[in-house]
Amino acid sequence: MTEQNPAGAAKVAVLGAGSWGTTFAKVLADGGADVALWARRPELASEISSSGRNSHYLPGINLPRSIRAHSDLERVLSDADQVYVSVPSQALRGNLDKVRGHLRPDAVVVSLMKGVERDTGLRMSEVLGQVLGLEASRIAVASGPNLALEVAKEWPTAAVVASTSAETAQLVAKTASNSYFRSFYNTDVVGTEFGGVLKNLIAVAIGIVDGVGYGENTKASILTRGLAEMTAFAVAFGAKATTLSGLAGLGDLIATSESPLSRNNMAGRLLGQGYAFDEVVASMEQTAEGLASVRPVLELARERGVDMPIVTQVAQVLDGTLEPKDIAPHFTTDSDLPLGE
Ligand SMILES: NC(=O)c1ccc[n+]([C@@H]2O[C@H](COP(=O)([O-])OP(=O)(O)OC[C@H]3O[C@@H](n4cnc5c(N)ncnc54)[C@H](O)[C@@H]3O)[C@@H](O)[C@H]2O)c1
Ligand SMILES: O=P(O)(O)OC[C@H](O)CO
């Protein structure tokens, strides 16, 4: 389904050649962009460029041969008008030190990441703005129900791009669309970005339920109450409630909670089966963002006075103070009085 690169194609850089960075490079190239992909390891850059494969992260997927992969960051950034960033959230700040100074003065920077920084509680777009000194109109975030391997197989998928500038959001959404991947746009950066962070935490809870062996009632209850929790949290930070019932909220919550491809769901399953947090972390070959975001999200919730019973219970399972079988869509320590929905 690869399309021709027309003259005047957008020149884009993708930073991070893991599952999502490589998949997004394919999405952009299949949409007609001229794509340079930065891989941390030279051998991975060489595999992508020479064979059109990223066999570790995307087994069986043929990548567009037009993608140029390099481990030299400066080379990848030199003529990029749009820069898409897809490294683990906790590694973003460290990687940006190398980006600063090589970014074109008018380049738009797009976060593809779904975590908050553990030490600061900052969203990824906030870290981008702070470290790179970018004004908000040059920053966008892309999110949605986007399991990498499904997108890489070209299964029809939608996403949403948010920027405080509608013009920037539309530019990025247009570049990140092709025959199998459609990007919508909005201007609610806070809601779009927190949707992607929070659904990971609820997906860990659903994984725990799966691991314990409970059924559909428990999962539907946690999904529904989880969405209420996500919405209350995001709205407290200025998001629109409707964003959380869109692609970046409910849409991604469904995909991540239901799929065995999800690393967050997988981490939850292992916890539910009785593995300890350290064992789960050691067994994960790819990034499960939810594990690092639990604590900063709860700290942010505390600051704004938002109750997050499900996320709190996930944190308790992670630190071993709650038995996985005791997880519920409410605190089991609540009073017996009925709760308002
Ligand atoms: N995989 C998906 O399905 C998917 C979909 C949508 C969004 N995301 C988000 O994209 C982001 C990246 O996820 P991913 O799935 O590509 O992760 P991944 O673990 O598959 O790959 C991460 C990549 O970042 C690189 N990297 C650069 N600096 C690093 C450092 N200091 N430490 C560790 N790795 C470093 C790694 O080499 C690797 O290529 C996450 O925030 C994730 O939530 C992932
Ligand atoms: O594999 P996960 O759990 O990081 O989820 C991947 C994407 O965020 C799904 O949209």
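What you see is a predicted model, and the numbers here were worked out from it, not measured in a lab.

Asks: Whenever I open this one, the site of ligand 1 confuses me. Can you help?
Replies: The full set close to ligand 1 counts 22 residues, and Trp20, Asn95, Ala148, Thr287 and Glu289 are the nearest of them. The contact in question runs from an oxygen atom of ligand 1 to an N or O atom on the backbone of Leu112, over 3.5 Å. Within the backbone of Lys114, one N or O atom sits 3.0 Å away from an oxygen atom of ligand 1. Considered on its own, ligand 1 offers 820 Å² of accessible surface; in the complex 86% of this is hidden by protein. The site holding ligand 1 turns out to be the largest pocket. No other element matches helix H1 (residues 19–30), which puts three residues into the shell around ligand 1. Looking at the shell around ligand 1 residue by residue, the classes come out as 10 nonpolar, eight polar and four charged. When we break the shell around ligand 1 down by domain, the ones giving at least three residues each are domain 1 (11–187) and domain 2 (190–326).

Asks: Looking at this structure, I do not really get the layout of surface pockets. What am I missing?
Replies: If a probe as big as a water molecule is rolled over the atoms, it shows which places are left empty. Taken as a whole, the largest pocket spans an internal volume of roughly 1100 Å³. As for the largest pocket, its lining consists of 44 residues, of which Ser19, Trp20, Arg263, Gln286 and Thr287 are closest to the centre. Every element with two or more residues in the lining of the largest pocket is listed here: H1, helix H6 (148–152), helix H8 (189–212), helix H11 (247–258) and helix H12 (263–272). Residues belonging to the lining of the largest pocket are distributed by class as follows: 21 nonpolar, 15 polar and eight charged. Shared between two domains, the lining of the largest pocket holds at least three residues of each, these being domain 1 (11–187) and domain 2 (190–326). Approximately 320 Å³ is the volume found for the second largest pocket. Every element with two or more residues in the lining of the second largest pocket is listed here: helix H13 (277–283), helix H14 (290–304) and helix H15 (309–318). Among the elements that take part in the lining of the second largest pocket, H14 stands out by supplying four residues, more than any other. Across the lining of the second largest pocket, the residue classes tally to 10 nonpolar, four polar and four charged.

What counts, and at which threshold
- Residues numbered from 1 in each chain as written.
- Chains lettered and ligands numbered in written order.
- Predicted model: local features only at pLDDT ≥ 70, side-chain atom pairs only at ≥ 80, totals over all residues.
- Heavy atoms only, no water.
- Near = heavy atom within 4 Å.
- Polar contact = N/O pair within 3.5 Å; in protein donor to acceptor, adjacent residues only side chain to side chain.
- Areas by Shrake-Rupley, 256 points an atom, 1.4 Å probe, with all protein chains shown as cover.
- 1 Å grid on protein atoms, 1.4 Å probe; cavity = no way out; pocket = protein on both sides within 12 Å on 5 of 7 lines; lining within 4 Å.
- Sits in = over half its atoms within 2 Å of the grid points.
- Helix = DSSP H or I, 4+ residues; strand = E, 2+ residues; numbered from the N terminus.
- Nonpolar A, V, L, I, M, F, W, Y, C, P; charged D, E, K, R; others polar.
- Domains from an automatic or database assignment.
- Points joined across faces, edges and corners; volume = space filled by probe spheres on them.

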